[in-house]
Each structure stands twice: as structure tokens, then as C-alpha cells.
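# Observations on the model geometry
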Amino acid sequence: MTLEEYISIHSTPENEVLEAIARDTHVHILNPHMLSGHVQGRFLSMLSYMIRPKRILELGTFTGYSALCLAEGLEEGGQVVTIEHNDELEDTIRRNLARSPLGDKIELIIGDCKEILSTFHTASADRKNSQLSTLFNLVFIDADKREYCAYLELVYPLVPVGGFILADNTLWDGHIIDPAYDRDKQTLGLRAFNDQLAQDTRFEQVILPLRDGLTLIRKIR
């Protein structure tokens, strides 16, 4: 038995809907390793329950697994807004969300994350008292690794002081410290993100060695 298997066995099981989504993703979808999976999914759910957010923003939906996990801890009447760039996944995502009673709490937007986030800023500027309706208590970043620094700046105004941001894949299967990946653009993007965050006094953060690396960030100013 591996340590990863031991951790999975001793963590609360995923529900039947999530198990089915995970199975179907591995059978039918390219790059199924991009799925959050059982243990990380339970962590996302647990964190959401601890924060009890009114609104959650997710960058990178993939097949909808992580969005459903995050939705588990929403405050009554809460909402997850999730953005996915790959329009070929839209039918799969909507079908998976419809499998769960939590699907109605999730709004799917298909498009480029940076462009969509820019429209959030424009809408916020155009609406009186719009800050109350545009802030997100929790943001989960799991999209293009080359754009993590840009995503951080774009979500910063959308998160209240004391709010949380999660960034996935921040250890990148160990590539983050491997010289063999010094020319890989995704690795370079993640290195730049980690380095920038370490010097940024607007946040407090800790990198958790969960799966592929998960950074938990709190906005402090």
C-alpha cells in the first residue's frame, strides 16, 4: 500500500455522484489527471464548510468535480461561479452538474478567464453599491499555469480582506525545483507566481504538499 492509498482509505469517501464523475472523466476525457479527485475534493469541501462562503469563484472547471465539492459548504443561498476556457467540455460539465442537487448552486461561464474577470471589474464599476454583489469569499485558481500571476491581480479586488484564495498545482509534480524544466512555460509561470506571492505583503500563504501542491492564501490588506 502506498502512502497516497493509505490517505485515501482513511479520508471520508466521496459521494456517489462525485465517484461517477471521476470514473467517467477517467474513461472519456483527455488528461483525466486534471481532475481534483477524492482527497483534494474532500479538502475543498472541508475548507468550504469551515469558511461558509456566500460566493465562490473557480477558475478552471474541467468536468465539474471540484465545483461540486466547493458547493458543499456554501452558506444558505450561496453560489459558485466557475469559468472554463475549453468550450468542448461544456456539455460534459452541464451534464455532470445536473447529476447533483448542488448543481443549481453553480453558474458555469465558458470563456477566457482573464477576459471574464475583466468584465467583472467593469460591471462592478458600473453598478452602484455593486461591491456587495461581486465579492467572493473564496477563489479557487486551477486554470492556465502560465497566467497565475495575472489571475492573482485580477481576483484581488474581488476578494474581501480576510477572504481566501486557493491555487492548485503550485508544486507541479516537483518540476517547480527541477532544472530540467527551466524552459517549460507552465513551470516558469508557477515559479513566478510562488516567488511573487512570497514577497507580496497583501497576503499570508502556506503551500500544502497535497497532491500536486495547493497554496492556501489569505488576503490581509
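Above this text is the structure in question.
In this report, we go over the structure that sits alongside the text. This is a predicted model, so every value here is computed, not measured.

Reading the values: rules and limits
- Residues numbered from 1 in each chain as written.
- Predicted model: local features only at pLDDT ≥ 70, side-chain atom pairs only at ≥ 80, totals over all residues.
- Heavy atoms only, no water.
- Helix = DSSP H or I, 4+ residues; strand = E, 2+ residues; numbered from the N terminus.
- Contact = heavy atoms within 4.5 Å.
- Phe/Tyr/Trp six-rings, centres within 6.5 Å; stacked < 30°, edge-to-face > 60°.
- Buried < 20%, exposed > 50% of the residue type's maximum accessible area, 1.4 Å probe, protein only.
- Lys NZ or Arg CZ within 6 Å of the ring centre and 35° of its normal.
- Arc of directions from axis to C-beta.

## Digging into the environment of Gly 162
Tracing the backbone through its elements, the reader meets Gly 162 in the loop between α8 (148-155) and β5 (164-168). Separated by 41 residues in the primary sequence, Gly 162 and His 121 have C-alpha atoms spaced 20 Å apart. Residue contacts for Gly 162: discarding those within four places in its chain leaves Arg 218 and Lys 219.

## A look at the packing of aromatic side chains
Applying the stated rule across the entire model yields four aromatic pairs. Consider the rings of Tyr 148 and Tyr 151, whose centres lie 6.2 Å apart with planes at 50 degrees: the pair is tilted. Highlighted residues: Tyr 148 and Tyr 151, both in helix α8, separated by three residues, approximately one helical turn. Judged by its relative accessible area of 4%, Tyr 151 falls in the buried class. Between Tyr 148 and Phe 193 the ring centres are 5.3 Å apart and the planes differ by 85 degrees, which places this aromatic pair in the edge-to-face class. In this pair, Tyr 148 is assigned in helix α8 and Phe 193 in helix α9 (residues 185-199), connecting sequence segments 45 residues apart. Take Tyr 148 and Phe 193: they sit in the same class, and that class is buried. The residue whose ring lies beneath Arg 202 is Tyr 156, and the NZ or CZ to ring-centre distance is 4.4 Å. Here the guanidinium or amino end of Lys 219 rests over the ring plane of Tyr 156, the centre of that ring lying 3.9 Å away.

## Side note on α8
The set of residues buried in α8 consists of Tyr 148, Tyr 151, Leu 152, Leu 154 and Val 155. Angular distribution of buried residues about the axis of α8 spans 170 degrees; they occupy a single face of the element.

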